[in-house]
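Here are the chains, one letter per residue:
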Amino acid sequence: MATNDYESGLKMLEELTTDAQQIQDQLLGEILSKNAETEYLQGFLHGQTDKQLFKKNVPIVTYEHLKPYIDRIANGEASSDILLVEPLIGFSLSSGTSGGLPKLIPTTAESAHITATFNKLYRSLMIKHFGDINQAGKRMELMFAKPDVETPSGLKASAVSTRAFKGSSFKAILPKLYSSPFETIFCPDTKQSMYCQILFGLIQRDEVVMIGSIFASTVVRSIKFLESNWKELCSNIKTGQISEWITDSGCRNAASLMLKPNLELADLIEDVCSCKSWEGIIRKLWPKTKYIGTVCTGAMLQYTAELEFYCGGLPLVSGFYACSEGAVGINLEPLCKPSDVSYTFLPNTVYYEFLSIKEDCVTDSQNQVQLNAMSHHEDTGPVDLVNVKLGQCYEVLVTSSMGLYRYRVGDIIKVTGFHNNTPQFQFVGRQNVALGVDMERTSEADILKAVAEAKALLDPLGLILTEYTSYGDTSSTPGHYVIFWEIKPKEGNNNNKNGKELDPKVMEQCCSKMEDSLHFTYRMYRKENMIAALEIRVVKQGTFESLMDYFVTKGASLSQYKTPICIKSKEALNILDSRVIAKFFSPRTPIQDN
Ligand code: AMP
């Protein structure tokens, strides 16, 4: 897209959001008439395509319901007889949350076309706010391809991001617009890949105008990686020789082409990195950066404080909401604070329905949505895109040309406003990610909020909570909540790396603060001793990196990796438990409401 074409993208956004109802109805009509004869739809609609019949007869399903159909396609049966008429080009590996096993989502040429249209709209919006960064310089985007999985049908299953990296148009623009050479993105060893992508970002520091990755956790992780490895990186830049442990031939080839001895640059980077505080380090190292482009909402909100510390006032742009199942929202105000971000659903991507959630969403002092319990309204059916109500929370359902019909994506959103006739929403959390050790259920949003309040107590001690996750420990009765915390000093020196200097009093206060912040049912159960005291287990620095490595070996895509807010897997728990350096318990029952 030429820079001056961006106005047509903005115009298209206005048209789409104005004609949302009509576009949605048309889209549903097309999906149904194309696929009415498939085994799946035939069973409910008997060849008919009427919207009301669709709503009456087609059941609302989860992935588990569709899995037998999808598995048959993956095993070689013709997809057109089973779920969808359009030929498949492969499957997308959806993480949903990275804690679960990836799901296989059918992918067609049409879904790829929808993604391309979205990219055009997104780019138009970015040009409006930041000018055309393609003309200004390069993006240092941390990108990690994940190997494809070949299904027995011969169709490949790939992470959506990996498919994008492999596209011919991406390959063509990569050298001009991105700092990472192709080989580093496809390097199968993520540590070597990360090292090289940072190295190439450093040597092109004068050209870098945007820094990012899909999720904020990856950006924070890369800065922490730089914090541990800058001396070695500088030495590589000084000598023009890449470290011996980088054994990947693609990375070495890329280095042989681009890495030249540069004493002056190495000294400059050394100067910047050796300063005591790493506050604003991104701006210092990459002075032309205009913004950090990365998803900062939902589970990623926990990384924003650290990212803000590193980026020294650069805008954090949480530009879009997207999932492998095809739902897409765009942030029309990319300059707003991460906690205020709302996404506008695009009506031309999938047919949306919204299942309302019984409990009202409560917005807390930090403008974050908190849900106490998430059960659906039984009396009302799902509503269409344009009929959602302001302030109401919903679970998102999609019907798409990819063979998903009234499919529960598992995301909960809250309607915050409208752009023309199209709703805007705040991302609340995943539906089924919850802690529970008795009858109580604690949502991802609850945990997020409780941690946000407790971690503020670390501030006066000069400590930062860098990562956390949680676990419902029912190995003893009553069960209790365990929250794993990775903590580091603010100023970069690692004196209390081993946790000995952690003030037990403050840590106990953190435990109590979390309990005080949790929902009514939790506090009531605690008072009645149906739940034991909440425990914080402080883990060694680097633990969450090992956790990520574990999930990556289990099939999670590094580009799409999100630290699970709750841990369910035994092995993951072992990784955390084997690195615990201190344990603290809440010394009192939580404060009860009057
Ligand atoms: P995947 O299926 O691996 O593509 O992951 C998609 C999931 O990531 C979504 O269903 C959401 O749960 C989460 N996600 C995607 N975009 C955002 C966003 N902007 N804010 C919060 N969570 C998001």
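Residues numbered from 1 in each chain as written. Predicted model: local features only at pLDDT ≥ 70, side-chain atom pairs only at ≥ 80, totals over all residues. Heavy atoms only, no water.

Points about the overall build of the chain
Summing up its helical and strand segments, the chain has 22 helices and 24 strands in all. In terms of C-alpha radius of gyration, the chain reaches 24 Å, essentially the compact-globule figure of 25 Å for 594 residues. Each of the three principal axes of the chain carries a C-alpha extent, and together these read 70 × 65 × 45 Å. When each of the 594 residues of the chain is scored for burial, the buried share is 57%. Contacts spanning at least 24 positions in sequence make up 70% of the contacts within the chain whose residues lie at least 6 apart. (Helix = DSSP H or I, 4+ residues; strand = E, 2+ residues; numbered from the N terminus. Rg over C-alpha atoms; globule rule 2.2 N^0.38 Å. Buried < 20%, exposed > 50% of the residue type's maximum accessible area, 1.4 Å probe, protein only. Contact = heavy atoms within 4.5 Å.)

Side note on the state of the cysteines
Across all of its chains, the model carries 0 disulfides by this definition. Here C251 is not cross-linked by a disulfide; its sulfur's nearest cysteine counterpart is in C196, at 3.8 Å. Assessed through its relative accessible area of 0%, C251 is described here as buried. As a non-bridged cysteine, C510 has C511 as the owner of its nearest cysteine sulfur, 6.9 Å distant. (Disulfide = S-S within 2.5 Å.)

A look at the environment of T543
Relative to the assigned elements, T543 resides in helix α21 (residues 543–553). The spatial distance from the C-alpha of T543 to the C-alpha of E486 is 7.4 Å, given a sequence separation of 57 residues. In this structure, T543 is in contact with E486, I575, L576 and R579, ignoring residues within four places of it in sequence.

Here's the deal with the packing of helix α12 (residues 190–203) against helix α13 (residues 216–239)
Packing of α12 against α13 brings their axes to within 9 Å, and their N-to-C directions diverge by 65°. It follows that α12 is roughly perpendicular to α13 by the angle criterion. The way α12 lies across α13 gives a crossing that is right-handed. Across the interface between the two elements, K191, M194, Y195, I198, L199, L202 and I203 of α12 pack against R221, S222, F225, L226, N229, E232, L233, N236 and I237 of α13. For the contact of α12 with α13, the residue count by class is 10 nonpolar, 3 polar and 3 charged. (Axes fitted to C-alpha atoms, helices over the stretch in contact; angles between N-to-C directions. Parallel < 35°, antiparallel > 145°, perpendicular 65-115°, else oblique. Left-handed = near helix turned anticlockwise from the far one by under 90°. Nonpolar A, V, L, I, M, F, W, Y, C, P; charged D, E, K, R; others polar.)

Some details on the confidence of the model for the chain
Averaged over all residues, the pLDDT of the chain equals 89, while 92% of them reach at least 70. A low-confidence stretch, residues 360–373 (pLDDT under 50), is modelled with 41 contacts involving residues beyond four sequence positions or located in other chains. (pLDDT = per-residue confidence, 0-100.)

Notes on the nonpolar core
Counting residues in hydrophobic clusters, the biggest one holds 68 residues, and the most contacted among them are L202, L226, W278, I282, L285, W286 and I292. Per-element tally for this core: the top contributor is α13, with 10 residues. Among residues more than four places away in sequence, those in contact with L285 are L202, R205, L226, I269, V272 and C273. Core analysis: the next-biggest nonpolar cluster, separate from the first, contains 49 residues, L32, L41, V58 and F425 among them. (Core = buried A, V, L, I, M, F, W, Y, C linked by side-chain atoms within 4.5 Å.)

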